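# Geometric and topological summary
Chain residues, written in single-letter form:
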There are 2 protein chains.
Amino acid sequence: MGRISESTVRRLSHYYRVLDEVHAEGRRMISSRRLAEREGITSAQVRKDLSYFGSFGRRGLGYNVAHLREEIRSILGLDRRWRVALVGAGHIGSALLAYRGFAAQGFDIVAIYDRDPARIGQKLSGLTVLDAAALPAAATLGIEIGVIATPLKAAQEVAEALVAAGVRGILNFAPRKLFVPEGVALRTVDMTVELESLSFALRQARAPRRRRGSGPAE
Amino acid sequence: MGRISESTVRRLSHYYRVLDEVHAEGRRMISSRRLAEREGITSAQVRKDLSYFGSFGRRGLGYNVAHLREEIRSILGLDRRWRVALVGAGHIGSALLAYRGFAAQGFDIVAIYDRDPARIGQKLSGLTVLDAAALPAAATLGIEIGVIATPLKAAQEVAEALVAAGVRGILNFAPRKLFVPEGVALRTVDMTVELESLSFALRQARAPRRRRGSGPAE
């Protein structure tokens, strides 16, 4: 399973969404072609992605929707619930707490941490904000995934505290690169970078800047 | 400028964050080495990224923080404000409206659309939710960027309505691939996929599944 690429896993997530949708519509079978169309890829790619996990499909009949959906659900670890700690009760953290999609997917935010004394002890979406100094005790809460929504300055330190507390999966919303030991899975959601990449593209389309000579620096 | 890769633009966003931080600390100069360390890349890569835009640095002295910060700010289109329409007033949409980071970066959500009659007309963060059927009129509001936070079924249709209304930049939060014409910049923030990629990694680390034979399908 070490051979499964990150891009295959991402496509599995997307297949799962499509399967969920057609399952809700009551359809029983789906072709690799239909799964492929939605992703803008070839049906051969779909079959290759799914073949990593066994033979789900039958030639000429396509895939059984309910069965394939359950298999991918299990492969992605969505057939169980995950205990999540959120670190950072600021703008992003509050928005994430308000976002109910996490729980719908099986990710339960069971603890929230901050280091601002003004926030510690406050109630947010039914949880009492804990002192970030108590992060080492996250292990006793059975935390498996840490979500980092701190200012960028604190993010690396928080990642290290989470790892020290035994957390093996981190979702980082702070707009900076984090360093974690091997064996810890790190994923990043960087709205800032996506937005800036968008405004860059729009600005370039409108008023291309001249290219100036490259110059040396330290 | 067409040669600038997406990954360079993303690094520029990160350099901008670092520069912002050291600028706030009152530092005047920064070396390419320090910028590189934060990104886990080489200083040669930093100099190459910055050389696309001209010679900002002086050999042996590094870069002037205030100057380089302003240059990158302008390159990324952050020295102006952008008018943004948010489509979808559900969980993600409400969380995005509550997130004040957008405005801090120059992105003003000036209109919000939904097609649920129960939501149309409601006030959210000071904005009245408009009928999504009115999206074609977004052009008259001077909308430049559309943020899609709809259920996945509606996302493609909304993207097309935004493009028809003259929007040239789309930030998609719906967990599915979207298709837009050339000339329209599309960026995706997919929390769902990142979370599922994380639970996949954790599940694999804990209980590796056996690899089964690959099988044919339709």
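Let me begin by describing the structure that accompanies this report.

What follows concerns the overall build of chain A. In terms of regular secondary structure, chain A is built from eight helices and 10 strands. By the burial criterion, 55% of the 218 residues in chain A qualify as buried.

Helix length check: helix α1 (residues 6-24) of chain B (19 residues) gives 27 Å between terminal C-alpha atoms against 27 Å at 1.5 Å per residue, within 8%. Once α1(B) finishes, B:G26 follows within two positions and takes phi at roughly 85°, a positive value.

Let us look at the pairing of strand β4 (residues 82-87) of chain B. Residue and element names in this part refer to chain B. Most of β4 sits inside the fold, with five of its six residues counted as buried. Relative to strand β5 (residues 107-114), β4 runs parallel, the two being bridged by six bridges. Within β5, the residue paired with A85 across the bridge is A111.

Residues and elements named next belong to chain A. With mixed pairing, the seven strands of this open sheet are ordered in space as β6-β7-β5-β4-β8-β9-β10. If you trace the sheet from one side to the other, it starts and ends with β6 (123-124) and β10 (185-188), each paired once. Bridge analysis of strand β5 (residues 107-114) against strand β7 (residues 127-131) gives three bridges, and the strand direction is parallel. Bridged to I112 within β7 is V129. The strands touched by helix α7 (residues 152-164) are β4 (82-87), β8 (145-148) and β9 (169-172); relative to β8, the strand with the most contacts, the crossing angle is about 170°.

Let us look at the sheet that holds strand β10 (residues 185-188) of chain B. Neighbouring strands of a sheet are bound in pairs by backbone hydrogen bonds; such pairs are parallel or else antiparallel. Residues and elements named next belong to chain B. On the basis of which strands lie adjacent, the open sheet formed by seven strands has the order β6-β7-β5-β4-β8-β9-β10 and mixed pairing. For this open sheet the edge positions go to β6 (123-124) and β10, each flanked by a neighbour on one side alone. Both β4 and strand β8 (residues 145-148) contribute to a ladder of four bridges, which runs parallel. When the sheet's bridge partners are listed, A85 is paired in β8 with G146. Across the sheet, helix α7 (residues 152-164) touches β4, β8 and β9 (169-172), and the angle it forms with β8 is around 170°.

A word on helix α4 (residues 65-75) of chain A. All names here are of chain A. Three or more residues of α4 are buried, namely V65, L68, R69, E71, I72, S74 and I75. Its side-chain oxygen placed 3.1 Å from the backbone nitrogen of A66, N64 serves as the N-cap of α4. Following α4 by one or two positions, G77 adopts a phi angle in the positive range, close to 75°.

What follows is about the packing of helix α1 (residues 6-24) of chain A against helix α3 (residues 43-51) of chain A. Residue and element names in this part refer to chain A. It is the contact of α1 with α3, at a shortest axis distance of 10 Å, that shows an interaxial angle of 105°. Taken together, the axes of α1 and α3 lie roughly perpendicular to each other. Where α1 approaches α3, its residues T8, R11, L12 and Y15 are matched on the opposing element by Q45, V46, D49 and L50. A per-class count over the contact of α1 with α3 returns four nonpolar, two polar and two charged.

Let us now look at the nonpolar core. In this structure, A:L35 and B:L35 are the most contacted members of the largest nonpolar core, which totals 96 residues. Among all residues touching A:L35, those that are not within four sequence positions of it are A:Y15, A:V18, A:L19, A:I30, A:V46, A:L50, A:Y63 and A:L68.

Residue and element names in this part refer to chain B. Viewed as axis vectors pointing N to C, α1 and helix α2 (residues 32-39) meet at an angle of 115°, and their least axial separation amounts to 10 Å. In this structure, α1 meets α2 at a crossing whose hand is right-handed. Mapping the contact onto sequence places H14, Y15, V18, L19, E21 and V22 in α1 and R34, L35, R38 and E39 in α2. By residue class, the composition of the contact of α1 with α2 is five nonpolar, one polar and four charged.

Mapping B:D49 onto the fold places it in helix α3 (residues 43-51). Beyond its immediate sequence surroundings of up to four residues, B:D49 is in contact with B:T8, B:R11 and B:Y15.

For the rest of this paragraph, the subject is the packing of aromatic side chains. Going through the model one piece at a time under the given rule, you end up with zero aromatic pairs over all chains. In this structure, A:R80 packs its charged tip against the face of A:W82, placed 3.6 Å from the ring centre.

Once that is clear, we can look at the side chain of A:T8. Summarising the element assignment, A:T8 is placed in helix α1. Excluding its chain neighbours within four sequence positions, the residues that come into contact with A:T8 are A:D49 and A:Y52.

Residue and element names in this part refer to chain A. Positive phi values are uncommon outside glycine, yet S125 reaches one of about 45°. Positionally, S125 belongs in the loop between β6 and β7. Residue classification places S125 among the exposed residues on the basis of a relative accessible area of 57%.

Evaluation of the coordinates by the stated rule reveals 30 salt bridges over all chains. Between A:E196 and B:R17 there is a salt bridge, and its shortest N-O distance comes to 2.6 Å. Of the two residues, A:E196 is situated in helix α8 (residues 191-206) and B:R17 in helix α1; the pairing between them involves two chains. Taken individually, A:E196 and B:R17 each receive the classification buried, so the pair is uniform in this respect. When the shortest N-O distance is used, the salt bridge between B:R10 and B:E6 registers 3.1 Å. Residue B:R10 and its partner B:E6 are both found in helix α1; the two are separated by four residues, about one turn of the helix. The class of B:R10 is partly exposed, set by a relative accessible area of 24%. Under the relative-accessibility criterion, B:E6 is labelled partly exposed at 30%. Connected via shared salt-bridge partners are A:E6, A:R10, A:R187 and B:E194.

Definitions and limits used
Residues numbered from 1 in each chain as written. Chains lettered and ligands numbered in written order. Predicted model: local features only at pLDDT ≥ 70, side-chain atom pairs only at ≥ 80, totals over all residues. Heavy atoms only, no water. Helix = DSSP H or I, 4+ residues; strand = E, 2+ residues; numbered from the N terminus. Buried < 20%, exposed > 50% of the residue type's maximum accessible area, 1.4 Å probe, protein only. Expected span 1.5 Å × (residues − 1). Pairing = 2+ DSSP bridges. Contact = heavy atoms within 4.5 Å. Axes fitted to C-alpha atoms, helices over the stretch in contact; angles between N-to-C directions. Polar contact = N/O pair within 3.5 Å; in protein donor to acceptor, adjacent residues only side chain to side chain. Parallel < 35°, antiparallel > 145°, perpendicular 65-115°, else oblique. Nonpolar A, V, L, I, M, F, W, Y, C, P; charged D, E, K, R; others polar. Core = buried A, V, L, I, M, F, W, Y, C linked by side-chain atoms within 4.5 Å. Left-handed = near helix turned anticlockwise from the far one by under 90°. Phe/Tyr/Trp six-rings, centres within 6.5 Å; stacked < 30°, edge-to-face > 60°. Lys NZ or Arg CZ within 6 Å of the ring centre and 35° of its normal. Salt bridge = Lys/Arg side-chain N within 4 Å of Asp/Glu carboxyl O.

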